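Take a look at the letters that make up each chain.
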Amino acid sequence: MSVLAPMRAFAVDSIRSRVRPGDPAWPSEARWKQLDQDVGGALVKVHSPLDECLHSPSGAECTQLFKAVKNPYFLGEEVGLTQTLGWVDAWTSRPSIYAVAARTANDVVAAVNFARQNNLRLVVKGGGHSYQGTSNAPDSLLVWTRKMNDISLHESFVAEGCNGHATATRAVTVGAGAIWAHVYAAVTTQAGGYVQGGGCMTVGVAGLVQSGGFGSFSKAYGIAAGSLLQAEVVTADGVVRIANACTNPDLFWGLKGGGGGSLGIITRLTLRVHVLPDSFGAVNITIRAVSAPAFRRLIGMIVEFYGQSLMNPHWGEQIRLHTDNVLQIQMVFQGLDRSQAQAVWQPFLDSIDGAQQDFKMEFSPLKIVATSARTFWAPSMLKKVLGFISTDDRPGAPEGNVFWPGDQGQAGQVLHGYQSAWLPAALLRNEQQQAFGDALFAATRHWDVSLHVNKGLAGAPAAAVAAAKDTAMNPAVLDAFALVICGAEGPPAYPGVAGHEPDAAVSGRREAQAIGLAMDELRKVVPNAGSYVSESNFFEANWQQSFWGPNYSRLLSVKAQYDPDGLFFVHHGVGSERWSADGFAKLA
Ligand SMILES: Cc1cc2nc3c(=O)[nH]c(=O)nc-3n(C[C@H](O)[C@H](O)[C@H](O)COP(=O)(O)OP(=O)(O)OC[C@H]3O[C@@H](n4cnc5c(N)ncnc54)[C@H](O)[C@@H]3O)c2cc1C
């Protein structure tokens, strides 16, 4: 009850619509000044660098900006920008009016209180990687956590209030605005441990953990939220709370996979540090089938091979099926050396060799490689020279600002379409393989299909599955062998900037439609599939069910307890059905 008491003080259902600049109730300059003082000068009047382009699209500054947005670190450090610049017919990145560039939990408290007292639309941004546009909102006050990025390791951590209930473990405490590249450097490169984070190194820690969160090796270590031990959170009443298995356990559960920006603002998180395996490795194989029937056969071969030999904690990342009859294996492995990995793949490679009339394997000198796990995320000179890792190219950028080259295409992108679905492991059973293979093949007649096998926990260790079960994520993740993703995007673009307009009419809508047709083929074998909240369709029809399944009602009750007035709103977030699409007007 002590937790509920402060809520009642403001839990009147009084907010009908939030205020915008120009409304009489919009805070006066004096009040903004007071907020600035309360946060020690951390209030920022937000200007988007894109404003310059809107006025002078062919000027040198704008040309330079469209080059700069290909650097995820540049985007991450601009208060007025987001990693994805928009999604055709869905949203466009728009800056807030003001931002609190928070450095402490007290700054966040001041911003939350100010937004609540002045009836403002509040938005939270960490790494800025939301595909759904949930970390930007026009006419809003932004809490920007990027500067809260301290990282500290503990050899023996017990969550507050859990003494006697939990065993001490190695752990890392991370400020909410930290990004995974910097956490991996501290935990793996420097301290020889393993923390379960994201595959993309520039994703924010708090955003990913609240989504559930998958990394390349999640088939071994589970979802990121499964390793969350504790969070410090500012709730809608402006109180700093600790959430863990023993203190505010419902809030803790909701933060694990309930989606960012809905329950409160996390200021720091503590994650379990696991034992690092000796080696990590990668397999890169590209095979072209000479005809559509040969490709259908190839799909059958890889589906069967995956089910028999790869659905276990060693293997993660992607199997990609392309419309031009190409199979691309872009997988990683852990806990195997190179020769063990080679031995796993040999039977499959032999079958391809034995059918040269049907399949052409592209030559690759680095088909199967392995490295010491400790150096996996380290920016060695060799990796840079070989193009295995990219660096922040701004003069004076810190050495540790690195990212995978494969993620660069998404910096500054405009999405054309994006859909995903969890595929149950039952599809790999003998009696279902034919229908599943047919559906995959039919899907590739419309659009490229990627099977992200690290984003489903079938084949993961029991402990990883149990940890994920104790989160708000849709339980569909537990017995899925993969998350299938169909996506399409265009280069950096922005409406109104001549020469850089999003290509909505020609490719945008056509590609979105093709993605829909591809996913419809797959839904024939997985009707009512669940979908991963952070990597899903902006237009997801039955989103409560897709993202959270049977957990949604419990999430709503956590929301009612900690944010009864709906201060925190994001598109398709918990409780958002009570608000207009822009989060400004309460519907009922
Ligand atoms: C290029 C790219 C690669 C990706 N790769 C992966 C991947 O490998 N694995 C994976 O699982 N996902 C991946 N994602 C999805 C990503 O994990 C989610 O979009 C995640 O929510 C991003 O977190 P962020 O902090 O970077 O983003 P933001 O856009 O800043 O935040 C995302 C959401 O969380 C909220 N939020 C942020 N910080 C806080 C906080 N402190 N307290 C409360 N709410 C907060 C925001 O309001 C927003 O609603 C990828 C996305 C992109 C664009």
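No experiment lies behind these values; they were computed from the predicted model shown. (Residues numbered from 1 in each chain as written. Predicted model: local features only at pLDDT ≥ 70, side-chain atom pairs only at ≥ 80, totals over all residues. Heavy atoms only, no water.)

S.K.: Describe the overall build of the protein, with residues and values.
M.R.: On a plain count of helices and strands, the protein comes out with 18 helices and 23 strands. Taking 2.2 N^0.38 as the reference for a compact globule, 588 residues should give roughly 25 Å; the C-alpha atoms of the protein span a radius of gyration of 24 Å, in line with that estimate. Taking all 588 residues of the protein together, 59% fall into the buried category. The contacts of the protein with a sequence gap of at least 6 include a subset with a gap of at least 24, amounting to 74%. Total accessible area computed for the protein in this model is approximately 22,500 Å², and 53% of it derives from carbon and sulfur atoms. For the protein, the separation between the mean place of its 45 positive charges and that of its 49 negative charges on side chains is 2 Å. (Helix = DSSP H or I, 4+ residues; strand = E, 2+ residues; numbered from the N terminus. Rg over C-alpha atoms; globule rule 2.2 N^0.38 Å. Buried < 20%, exposed > 50% of the residue type's maximum accessible area, 1.4 Å probe, protein only. Contact = heavy atoms within 4.5 Å. Areas by Shrake-Rupley, 256 points an atom, 1.4 Å probe, with all protein chains shown as cover. Lys, Arg positive; Asp, Glu negative; His and termini not counted. Charge placed at Lys NZ, Arg CZ, Asp CG, Glu CD.)

S.K.: Just give me the short version of the state of the cysteines, but keep the residues and values in it.
M.R.: If you walk through the whole model with that rule in mind, you get two disulfides. Paired through a disulfide, C53 and C62 show a sulfur-sulfur distance of 2.1 Å. Residues C53 and C62 are joined through a disulfide that is right-handed, its torsion about the S-S bond being 110°. Just as C53 is buried, C62 falls in that class too. Here C162 engages in a disulfide with C246; their sulfurs sit 2.1 Å apart. Where C162 bonds to C246 through sulfur, the torsion about that S-S bond is close to 115°, and the disulfide is right-handed. Of this pair, C162 sits in the loop between β7 (151–157) and β8 (169–175) while C246 sits in the loop between β11 (240–244) and α10 (249–255), and the two are 84 residues apart along the sequence. Classification of C246 as partly exposed rests on a relative accessible area of 32%. Shown here for the protein is a disulfide pattern of 1-2, 3-4, where each number marks a bonded cysteine counted in sequence order. (Disulfide = S-S within 2.5 Å.)

S.K.: Describe the nonpolar core, with residues and values.
M.R.: By size, the foremost hydrophobic cluster in this structure holds 79 residues, and its most contacted members are W180, V205 and V209. For V209, the residues in contact, after removing those within four places along its chain, are W180, A224, A225, L228, L255, K256, G257, L269 and L271. Membership of the second largest hydrophobic core comes to 57 residues, among which are I319, F348, A425 and A482. (Core = buried A, V, L, I, M, F, W, Y, C linked by side-chain atoms within 4.5 Å.)

S.K.: Talk me through the site of the ligand; I want residue IDs and the actual numbers.
M.R.: Around the ligand, the structure places 33 residues, and the nearest of them are V124, G126, S135, F214 and Y532. Between S130 and the ligand, the recorded distance is 2.9 Å, taken from a backbone N or O atom to an oxygen atom. Here S135 contributes a side-chain N or O atom positioned 2.6 Å from an oxygen atom of the ligand. Sorting the residues of the shell around the ligand by element identifies β5 (122–125), α8 (205–211) and β12 (265–272) as the ones contributing at least two each. Considering every element that reaches the shell around the ligand, the biggest residue donor is α8, with five residues. (Near = heavy atom within 4 Å. Polar contact = N/O pair within 3.5 Å; in protein donor to acceptor, adjacent residues only side chain to side chain.)

S.K.: Got a sec to walk through the packing of aromatic side chains? Specific residues and values, please.
M.R.: Under the definition given, this model contains 33 aromatic pairs. Between the aromatic rings of F376 and W377, the centroid separation amounts to 5.0 Å while the plane-to-plane angle is 90°, which identifies the pairing as edge-to-face. Neither residue differs from the other here; F376 and W377 are each classed as buried. Through a chain of ring-to-ring contacts, three or more aromatic side chains come together here, namely W180, Y184, Y194, F217, Y221, F280, F376, W377 and W404. One residue, K45, lies across the ring of Y98, its end atom 4.9 Å from the ring centre. (Phe/Tyr/Trp six-rings, centres within 6.5 Å; stacked < 30°, edge-to-face > 60°. Lys NZ or Arg CZ within 6 Å of the ring centre and 35° of its normal.)

S.K.: So what's going on with the pattern of salt bridges? Residues and values would help.
M.R.: All told, the structure shown has 20 salt bridges when counted by the stated rule. The partner of D139 in a salt bridge is R20, with the nearest N and O atoms 3.0 Å apart. Note that D139 is positioned in the loop between β5 and β6 (141–144) and R20 in the loop between α1 (5–8) and α2 (29–38), a separation of 119 residues in sequence. You can call R20 partly exposed: its relative accessible area is 27%. Its salt-bridge partner being D582, residue R20 comes within 2.7 Å of it at the nearest N-O pair. Placement of the pair is R20 in the loop between α1 and α2 and D582 in the segment after α18 (552–562), with a sequence separation of 562 residues. (Salt bridge = Lys/Arg side-chain N within 4 Å of Asp/Glu carboxyl O.)

Such coordinate-based values are descriptive only and should not be taken to indicate function.
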